[in-house]
Amino acid sequence: MTTQIFDRPVCRLAGDTGFLAEFGEGIDPQVNARVRAVARALEADPVPGIREVIPTYRSLLFIYDPAVTHPDRLFEVMETLDIDRAAMDDQAVRVVEIPVCYGGEFGPDIDTVGQHASLSRQEVIQIHSAPEYLIYMVGFTPGFAFLGGLDDRLVTPRLKTPRTRVPRGSVGIANNQTGMYPITSPGGWQVIGRTPLNLFAPDRENPFLYRAGDKIRFVPISLAEYDRLAGKEGG
Amino acid sequence: MQAFEVVSPGGFTTVQDKGRFGFQQMGVPICGVLDTFAADMANRLVGNDDSLAVLEITVTGPSLRFFAPLEIAVTGAEMDMTLNGRPMAQWRSMRVGPDDVLTLSQVRSGCRAYLAVSGGIDVPRVMGSFSTYVGGGLGGYQGRPLKIGDILDAREVPLLTRDLAMPENMIPEYPSHVVLRVVPGPQNDYFDPKMTALFTSQYMVTPKADRMGYRLMGEKIPIRPGMPKSIVSEPSMPGGIQIPADEQPIILLVEQTVGGYAKIATVISTDIPKLAQTTPGDTLSFEGIDLAAAHRIYHEARRKQADIRLD
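Bear in mind the structure is a predicted one, so any value in this text is a computation, not a measurement. Going along each chain's sequence as written, the residues are numbered from 1 onward. The order in which chains are written sets their letters, starting at A; the order in which ligands are written sets their numbers, starting at 1. It should be noted that, the model being predicted, local features are given only for residues of pLDDT at least 70 and side-chain atom pairs only at 80 or more, the latter also being counted only at that level, while totals for whole chains, interfaces and linings use all residues. To obtain the side-chain values, all non-hydrogen atoms of the structure were included, while hydrogens and water were left out.

**Some thoughts on the overall build of chain B**
As a reminder of what qualifies: Only DSSP runs of H or I with at least four residues qualify as helices, and only runs of E with at least two residues qualify as strands; both kinds are numbered from the N terminus onward. Note that the radius of gyration is over C-alpha atoms, with the globule rule given as 2.2 Å times the number of residues to the power 0.38. The buried label applies to any residue whose accessible area, calculated with a 1.4 Å probe on protein chains only, is under 20% of its type's maximum; exposed applies above 50%, and partly exposed to all values in between.
When its secondary structure is counted, chain B shows four helices and 19 strands. A compact globule built from 311 residues would reach a C-alpha radius of gyration of about 19 Å, and chain B, at 20 Å, matches this within 12%. With the principal axes as the frame, chain B shows a C-alpha extent of 65 × 40 × 30 Å. Per-residue burial over chain B gives 58% buried out of 311 residues.

Okay, here's the thing in structure tokens:
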């Protein structure tokens, strides 16, 4: 896919209470850094009438109250931001470690992923837990992180028949994406392991462990370590 | 204070307020009442602030037994309603007491009714809202639709000293054909610039219509030759008309956060209640307007709603 950074954000209307500001084309860490920089600047210095600022791969969705503000006003504010500078300042990313017990009953599809690329189970684990994956955006279900950076050798198609129930905490692969299921849901990803962490806990002071722009590193753990951490998380 | 017990839950009855804001960037959808007008008025009829939680009742009504003296009101979809077997009217407040049983039956017109109780339905606030998010199992009453035997609470407040009723001429009708006004975009450039199919034909509401979205059936809306068949995943707004691979539109609603298909247009917020009152088999047509017109309609609707005098 071609990527390109726009000189000025492009506005796309999403009805009478929302609009998107697009910062570039395609899925690209530099475009995404600009998106986040603007999101964080507007979070630090909120504009009245904005109900939500939602960062995505390459755009921001604003939800606003037309009784208070207007898209033109938001574009004026964005004009005043030094996006390049802000994106540079945003390089200090947080790396969140996610412990994962690979294989066994937690990762029923680990051998499918391995066979697909003629890799041993150990190699799959080693390759999957090596990179720092960038969280491009969070969405779809609460805390579901869209990660970039999966090693090409692990690219595996989705299951032919999706499972009706994938337990929360499951870690999987679908095509060139890898991700975690924060809540139990139906799904067609190749499941290779499970984290004992509560990725989404609505009653916790901070319900989430990470946000867009953070990086994720998967840390292989034993079954005993999984049980110990799961006990600490309160199940 | 215990307010009522669920004798029968109805088709799909959930606790909702105006929605959960601030967490869509974490994948938590807005949720909240779909027909904001009817829900606001139900709250006002029992003397509540319109930010309090109400029941959203879908197609088949529940039966509730009350524990305490309360003011209640039912608005929205037209349903036969009885209190201890006696027919009662919607869109007005009524006083109920211990052991009174309110029963709502099948809808006559519309799709969603709203029941407010004085003091508001008292459920824990989760991430800033009382709304039930069924898909995520959180908020509202135990994160799910009501079941037989559930006991719901209300905050204790002084009751109204007189009954309140909505002026007859302000009670909306719920016809089986509605016209929805839309603002083109966010991806209108992916489609025929005149949007001929969307604006000249009628679309039927299919049985796949819920709080996540309404799937429609009608003339296909093809992506323009040369444009990609999907977009880089982006968050969705309630009202967004998404065109998936089968070229039949889906209007996205309040339990959706992200989509990867192009959206030809977005239903204006003022018209979402009209959509929310349609049921499978009803027909929709679409009228394109610009942002300035949509904002005029928004302001006018708010003014009209604020001007309604209940007596």
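Having seen it, we continue.
**Some remarks on the domain arrangement of chain B**
Residues and elements named next belong to chain B. Put simply, the rule reads: Where each domain starts and ends follows an automatic or database-derived domain assignment. For this analysis, residues touch if any pair of their heavy atoms sits within 4.5 Å. Note on definitions: buried area is the accessible-area loss of two parts on being combined, 1.4 Å probe, summed for both. The salt bridge definition used is simple: a Lys or Arg side-chain nitrogen within 4 Å of an Asp or Glu carboxyl oxygen. Polar contact is defined as a pair of N or O atoms within 3.5 Å, subject to the rule that within protein one atom must be able to donate a hydrogen and the other to accept it, and that residues adjacent in sequence are counted only when both atoms are side-chain atoms.
Per the domain assignment, the segments making up chain B are domain 1 (2-170) and domain 2 (177-306). Facing 28 residues of domain 1, the contacting portion of domain 2 comprises 19 residues. Counting the surface lost from both domain 1 and domain 2, the interface buries some 1700 Å², and carbon and sulfur atoms represent 53% of this. Viewed at the interface, domain 2 and domain 1 are joined by one salt bridge. In this structure, glutamate 56 and arginine 211 form a salt bridge, with 2.9 Å as the shortest nitrogen-oxygen distance. At the boundary of domain 1 and domain 2, one finds 13 residue pairs in polar contact (both at pLDDT 80 or more).

**Section: the pattern of salt bridges**
On inspection of all chains with the given rule, the structure shows 26 salt bridges over all chains. A salt bridge links Arg108(B) to Asp80(B); its shortest N-O distance comes to 2.7 Å. Of this pair, Arg108(B) sits in strand β8 (residues 101-117) while Asp80(B) sits in strand β5 (residues 70-83), and the two are 28 residues apart along the sequence. With relative accessibility at 37%, the residue Asp80(B) sits in the partly exposed group. Each of Arg12(A), Glu22(A), Glu25(A), Arg58(A) and Asp189(B) takes part in one network of salt bridges that share partners.

**Details of the pairing of strand β9 (residues 170-174) of chain A**
Residues and elements named next belong to chain A. Filter applied, for reference: Here a strand pair is declared whenever DSSP counts at least two bridges between the two strands.
The element β9 is extensively covered by neighbouring structure, given that five of its five residues are classed as buried. The two faces of β9 match: Ser170, Gly172 and Ala174 on one face and Val171 and Ile173 on the other face are all buried. Pairing of β9 with strand β12 (residues 190-194), which is carried by four bridges, proceeds in the antiparallel orientation. Residue isoleucine 173 lies in a different strand from β12, and its bridge partner there is glutamine 190. Looking at chain direction, β9 and strand β10 (residues 177-180) are connected through four bridges and run antiparallel. Bridge pairing links alanine 174 to glutamine 177 in β10. The hairpin turn running from β9 into β10, its antiparallel successor, is two residues long, and asparagine 175 in that turn takes a positive phi close to 55°.

**What to know about the domain arrangement of chain A**
All names here are of chain A. Taken domain by domain, chain A consists of domain 1 (4-88) and domain 2 (95-233). Here the C-alpha centre of domain 2 lies 30 Å away from the C-alpha centre of domain 1. Contacts between the two partners involve 10 residues from domain 1, matched on the other side by nine residues from domain 2. Of the roughly 820 Å² buried at the junction of domain 1 and domain 2 (both faces included), carbon and sulfur atoms supply 55%. For the domain 1 face of the interface with domain 2, the top three residues by lost area are Arg36, Arg40 and Tyr57, together amounting to 53%. Our count for the contact surface shared by domain 1 and domain 2 stands at one salt bridge. Between glutamate 43 and arginine 211 there is a salt bridge, and its shortest N-O distance comes to 3.2 Å. Joining domain 1 to domain 2, the criterion identifies three residue pairs in polar contact (both at pLDDT 80 or more). In terms of residue count, helix α1 (residues 29-44) provides more of the side of domain 1 that touches domain 2 than any other element does, five residues in total.

**Observations regarding the state of the cysteines**
Residues and elements named next belong to chain B. Quick reminder of the rule: To count as a disulfide, a pair of cysteine sulfur atoms needs to be within 2.5 Å.
All told, the structure shown has zero disulfides over all chains when counted by the stated rule. Free of any disulfide, cysteine 31 has its nearest neighbouring cysteine sulfur in cysteine 111, separated by 17 Å. By relative accessible area, cysteine 31 is classed as buried at 2%. Residue classification places cysteine 111 among the buried residues on the basis of a relative accessible area of 5%.

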